[in-house]
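Chains, contacts and geometry: an overview
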Amino acid sequence: KAGVTQTPRYLIKTRGQQVTLSCSPISGHRSVSWYQQTPGQGLQFLFEYFSETQRNKGNFPGRFSGRQFSNSRSEMNVSTLELGDSALYLCASSTGAPNQPQHFGDGTRLSIL
Amino acid sequence: DQQVKQNSPSLSVQEGRISILNCDYTNSMFDYFLWYKKYPAEGPTFLISISSIKDKNEDGRFTVFLNKSAKHLSLHIVPSQPGDSAVYFCAAWEGGSQGNLIFGKGTKLSVKP
């Protein structure tokens, strides 16, 4: 069974640009969550999508947005990039039912110059 | 304000001995807890979970213990193997929440041969 796939693995952008990251969940999983990992803050929740609807949102500015398609694939967009957005962005999928583990992809390493 | 705390940033253990990783939480609404293992350049891998209605869950060499009154959980690895060397994250799920795991900042385990 294929795992969670994130593309691209690495990305370099400059301040002010925008970026789109992609996540393909495990087949059959309808929930996709996004997290930001930085050395100082650990893993922080961005948002979760279930059946194309955003179900939950963390405390990030509106520059961070996402969407989910009918095949459960998800994209995350960050606009007007700032130096502080440099991080590892992780996507996790699950069935969406309560008390079911999330399974993570290997992440996209975003570097802002 | 951290709701999930892993107070030991690192732990070193001899191969064959027991590794005990600790985690404390503050939110009494958490009802599902998970442990993840993370190798460099990879996403977190789900290890084991426990529901708040239990106090112990075992899977092979891994056992998680939950003490609800103390708001404390621990992961025991017996016997420890060099391949267990990784960063271990404790995570918690608030009852009724959707898709939002709260993570600790991780403990780096080193198992020496």
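Note that the structure is a prediction, hence the values are computed from the model and not measured.

1. What to know about the interface of chain B and chain A
Between chain B and chain A, the contact holds 18 residues from the first and 21 residues from the second. Buried area between chain B and chain A, summed over both chains or domains, comes out near 1700 Å², and the portion from carbon and sulfur atoms is 53%. Counting across the interface, chain B meets chain A through 0 salt bridges. At the junction of chain B with chain A, the criterion picks out 5 residue pairs in polar contact (both at pLDDT 80 or more). For the side of chain B that touches chain A, the elements supplying multiple residues, two or more each, are strand 4 (30–38), strand 9 (86–94) and strand 10 (101–103) of chain B. Top element by residues in the side of chain B that touches chain A is strand 4 of chain B. It accounts for 5 residues.

2. A word on the pairing of strand 8 (residues 74–78) of chain A
Residue and element names in this part refer to chain A. Counting buried positions along strand 8 yields 5 of 5 residues, so the element is predominantly enclosed. Of the two faces of strand 8, the one holding Ser 74, Met 76 and Val 78 and the one holding Glu 75 and Asn 77 are both buried throughout. Sheet analysis places strand 3 (residues 19–24) next to strand 8, joined by 5 bridges and oriented antiparallel. For Ser 22, the partnering residue across the bridge sits in strand 8 and is Glu 75. In textbook terms, the turn of a hairpin is the stretch between consecutive antiparallel strands, and for strand 7 (residues 64–68) and strand 8 this stretch comprises 5 residues, one of which, Ser 72, has a positive phi near 75°.

Calculation notes
- Residues numbered from 1 in each chain as written.
- Chains lettered and ligands numbered in written order.
- Predicted model: local features only at pLDDT ≥ 70, side-chain atom pairs only at ≥ 80, totals over all residues.
- Heavy atoms only, no water.
- Contact = heavy atoms within 4.5 Å.
- Buried area = accessible area lost by both parts, 1.4 Å probe.
- Salt bridge = Lys/Arg side-chain N within 4 Å of Asp/Glu carboxyl O.
- Polar contact = N/O pair within 3.5 Å; in protein donor to acceptor, adjacent residues only side chain to side chain.
- Helix = DSSP H or I, 4+ residues; strand = E, 2+ residues; numbered from the N terminus.
- Buried < 20%, exposed > 50% of the residue type's maximum accessible area, 1.4 Å probe, protein only.
- Pairing = 2+ DSSP bridges.

Interpretation note: all reported values are geometric properties and have no functional meaning in isolation.
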